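# Analysis of the macromolecular model
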Amino acid sequence: MGGFLKELWAYMKIRKKYWLMPVLFMMVLFGGLIVLAQGSAVAPFIYTIF
Amino acid sequence: MRILGISAFYHDSAAALVDDGVVVAACQEERFTRKKHDSRFPRLAIENCLAQGGIALTDVDYVAFYDKPLLKFERLLETYIAFAPRGFKSFAMAIPVWLKEKLFQKDLLKKELRRNAPDFDWDSRLLFAEHHQSHAASAFFASPFEDAVVLTMDDVGEWATTSAGRGHGNTLEIFKEIHWPHSLGLLYSAFTYYTGFKVNSGEYKVMGLAPYGEPKYKDLILENIMDLKDDGSFRLDLKYFDYCTGLRMTNARFDELLEGPPRTPEEQLTQRHTDLAASVQAVTEEVVLRLARSLAAETGARNLCLAGGVALNCVANGKILRDGQFSKIWVQPAAGDAGGALGAALTAYHLNQNQPREVNGASDFMKGSYLGPACSQDDTKKRLENAGAKFRVLDDKALVDEVAQALADGKAVGWLQGRMEFGPRALGARSILGDPRSATMQKNLNLKVKYRESFRPFAPSVLHDDVSNWFEIDCESPYMLMVADVREDRRREMTDDEKELFGIDKLNVVRSEIPAVTHVDYSARIQTVHADTNPRYHQLISAFKEKTDCPVVINTSFNVRGEPLVCTPEDAFHCFMGTELDVLACENCLLIKEDQDPALKEDYKNAFELD
């Protein structure tokens with residue numbers, strides 16, 4: 001997880017997307033709730049989204 | 001320096017091995033797992049590439065992945081923000097997949113790679129290329145050109161849906177992009193969905209359906225759905241689409257504009273559906289032609305390289321060729337995402353590691369696209385014996401002669417020779433062959449062998465030296481990615497009654513000397529066969545020509561509908577026994593259907609999910 005967060009920080013720095021941080025935080029929080037609320041993550045096959 | 005390229009996790013997982021700039025091996029995972037468009041980590045494809053290179057994973061200098069997951073996630077998030085609160089349902093479905101798996105693709109890749117090389121320093125050896133960079137690299141670095149314009153078009157990568165670049169020597173610079181959600185590939189996919197076919201696999205059916213229709217909706221599309229500029233750049237009016245936030249490609253406004261709901265997969269095809277297919281095909285050709293013309297004018301380049309899923313639209317490719325803006329066009333045979341594995345490896349080698357590239361001016365770097373596994377004659381013999389097959393072992397000349405005679409006698413022949421093809425097309429290594437002169441061959445192959453009621457004709461393989469005697473084209477098309485017309489003097493005019501026929505009935509009318517490979521508009525999807533890349537296939541067609549005076553054979557993929565191309569002699573034998581193929585030539589082993597044990601026949605028709 002540490003490696004991933006480092007990557008994420010590097011990405012935001014290079015792409016200058018710091019504004020995504022609060023959005024990301026909220027979305028991860030929200031998404032985390034959805035994950036907890038369901039059993040498994042099965043993707044329907046829509047290329048553009050997944 | 002050895003680089004292993006990987007594409008995975010979306011569709012068509014694949015691996016490719018590049019050693020000092022030479023493409024050693026490349027293959028798709030689906031061929032090994034027998035699951036069409038398999039998107040899982042390509043473990044078996046990697047193993048096979050390494051085995052073909054005679055190396056272990058630890059001997060590889062770098063592994064390159066074909067896209068950048070974080071940038072894709074960025075697009076996803078920004079799209080949801082832009083459309084919020086619409087798209088919640090889609091968000092609720094997508095986000096768990098990303099949070100649980102896709103966001104951590106680098107870790108997932110490292111975990112998979114560590115299985116075979118636990119002590120390797122994957123943190124510094126794992127590289128990532130952008131999706132369209134990978135496509136562009138697979139098109140230019142594998143091409144025979146020292147200098148070329150590169151055009152890539154597909155559904156979407158990270159952000160780019162279309163990109164243009166300039167390749168020179170070992171450099172490649174992307175200088176223009178069209179970004180999501182404006183996408184030519186997605187427009188085509190939207191019509192694929194709307195005409196009742198599967199998105200991401202049924203696009204070629206829309207292309208095959210187009211010649212039956214009139215492009216009646218072309219102006220409507222260009223006036224309402226797409227704002228197309230003179231230079232080929234475009235924007236889509238998103239109010240007609242659902243793909244940004246929903247779970248369908250199009251919406252009710254799209255239905256209203258085109259005056260009807262989408263066709264369901266089981267619904268009968270009508271003239272309206274063929275007109276829709278013809279219209280989106282005409283729009284696609286218009287976009288591609290304008291892009292090609294503006295790039296030619298802007299850069300002055302004489303060579304064009306194409307890749308990305310839209311580059312598999314061989315009808316559009318043929319139009320660019322005939323337009324004459326470029327002297328030469330080269331299309332990556334694995335133009336879809338599988339080819340991204342090769343592109344990622346070549347990006348790492350030439351761009352990241354700044355390694356030289358030497359073109360010989362004549363041939364490309366794809367070796368005819370015969371980059372997959374092969375099976376030696378001894379191994380083939382053993383495997384067939386174990387499978388219970390009855391066969392004769394012939395020398396090369398006798399094999400070619402007997403198969404050519406079988407073709408001339410109207411038999412359907414399974415042909416497994418040498419290394420398997422990389423990319424979606426069978427090119428004479430894993431092919432089903434037939435006599436194109438036969439008026440009934442097309443119907444027989446469709447119904448008894450391929451199990452499809454197809455409105456598409458089969459493709460011809462023709463000796464390269466003879467191509468211009470039969471088709472209106474005088475250049476190479478080794479990868480079956482160019483469409484050209486059957487020469488006028490080889491055609492037969494349809495009567496007025498015949499012109500009134502529709503669909504497969506029209507296709508069954510004899511329209512040329514080679515009816516089985518002639519589409520209703522007299523076009524054909526041509527593969528030129530070359531002695532230097534596939535000598536045995538060249539010998540076979542030459543032998544067929546000697547017997548019949550016809551240097552053309554039907555070439556369709558060695559599989560049934562929904563099945564990946566056969567890979568091993570066992571796969572070929574199962575397909576042979578499950579269909580009404582008459583003859584099977586596996587390396588030097590010749591199998592005749594009547595000689596086989598009837599108990600080994602199997603129900604093959606329903607063995608695979610339909611595409």
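Calculation criteria
- Residues numbered from 1 in each chain as written.
- Chains lettered and ligands numbered in written order.
- Predicted model: local features only at pLDDT ≥ 70, side-chain atom pairs only at ≥ 80, totals over all residues.
- Helix = DSSP H or I, 4+ residues; strand = E, 2+ residues; numbered from the N terminus.
- Rg over C-alpha atoms; globule rule 2.2 N^0.38 Å.
- Buried ≥ 20, exposed ≤ 12 C-beta atoms within 10 Å, placed from the backbone.
- Contact = placed C-beta atoms within 7 Å.
- Nonpolar A, V, L, I, M, F, W, Y, C, P; charged D, E, K, R; others polar.
- Pairing = 2+ DSSP bridges.
- Domains from an automatic or database assignment.
- Core = buried A, V, L, I, M, F, W, Y, C linked by C-beta atoms within 7 Å.
- Axes fitted to C-alpha atoms, helices over the stretch in contact; angles between N-to-C directions.

With that settled, the discussion passes to the overall build of chain B. Within chain B, the regular secondary structure consists of 22 helices and 21 strands. Taken over the C-alpha trace, chain B has a radius of gyration of 24 Å; the compact-globule value for 611 residues is 25 Å, and the two agree within 12%. With respect to the principal axes defined by its C-alpha atoms, chain B has extents near 65 × 65 × 50 Å. The burial tally for chain B puts 55% of its 611 residues in the buried class.

On to the interface of chain B and chain A, then. With 25 residues of chain B at the contact, the number on the chain A side is 24 residues. Element by element, the count of residues in the side of chain B that touches chain A is highest for helix α4 (residues 88–100) of chain B, at nine residues. Partitioned by chemical class, the residues of the side of chain B that touches chain A number 18 nonpolar, two polar and five charged.

Moving on, we come to the pairing of strand β4 (residues 62–65) of chain B. Residues and elements named next belong to chain B. Burial of β4 is two-sided: the residues Tyr62 and Ala64 facing one way and the residues Val63 and Phe65 facing the other way are all buried. Looking at chain direction, strand β1 (residues 2–7) and β4 are connected through four bridges and run parallel. Opposite isoleucine 6, over in β4, you have phenylalanine 65 as the bridge partner. As paired elements, β4 and strand β5 (residues 126–128) share three bridges and run parallel to each other. Considered in β5, the bridge of phenylalanine 65 is made with phenylalanine 128.

Before going further, it helps to examine the environment of Phe573(B). Residues and elements named next belong to chain B. If you trace the backbone, phenylalanine 573 turns up in helix α22 (residues 569–578). On the neighbour-count criterion, phenylalanine 573 (26 C-beta atoms within 10 Å) is buried. Placed 354 residues apart in sequence, phenylalanine 573 and aspartate 219 show a C-alpha to C-alpha distance of 50 Å. Among all residues touching phenylalanine 573, those that are not within four sequence positions of it are Leu384, Ala387 and Ala389.

Moving on, we come to the domain arrangement of chain B. All names here are of chain B. Each domain of chain B was delimited in the assignment, giving domain 1 (2–66 + 68–128 + 340–365), domain 2 (184–329) and domain 3 (377–600). Facing the 12 residues of domain 2 at the interface are 14 residues of domain 3. Residue contributions to the side of domain 2 that touches domain 3 peak at five residues, all from helix α13 (residues 314–323). Grouping the constituent residues of the side of domain 2 that touches domain 3 by class yields eight nonpolar, four polar and no charged.

With that out of the way, let us pick up the nonpolar core. The nonpolar side chains of a soluble globular protein tend to be buried, and buried together. If you look at the biggest cluster of nonpolar residues, it comprises 191 residues, and the most contacted ones within it are Ala16(B), Ala26(B), Cys49(B), Ala341(B) and Ala345(B). Within the second largest apolar cluster, 10 residues are counted, among which are Met27(A), Leu76(B), Ala94(B) and Ile95(B).

Turning our attention to the sheet that holds strand β11 (residues 303–307) of chain B. Residue and element names in this part refer to chain B. Reading across the sheet, the five strands line up as β8-β7-β6-β11-β12 and stay open at both edges, with mixed pairing between neighbours. Of all strands in the sheet, those with a lone pairing partner are β8 (171–179) and β12 (328–331), marking the two edges. For this sheet the average axis-to-axis angle between neighbouring strands, irrespective of direction, equals 20°. Packing against the sheet, helix α7 (residues 131–140) makes contact with β6 (147–153), β7 (160–168), β8 and β11, and its axis sits at approximately 135° to β6. Packing of α13 onto the sheet brings it into contact with β11 and β12, and relative to β12 it is tilted by some 160°.

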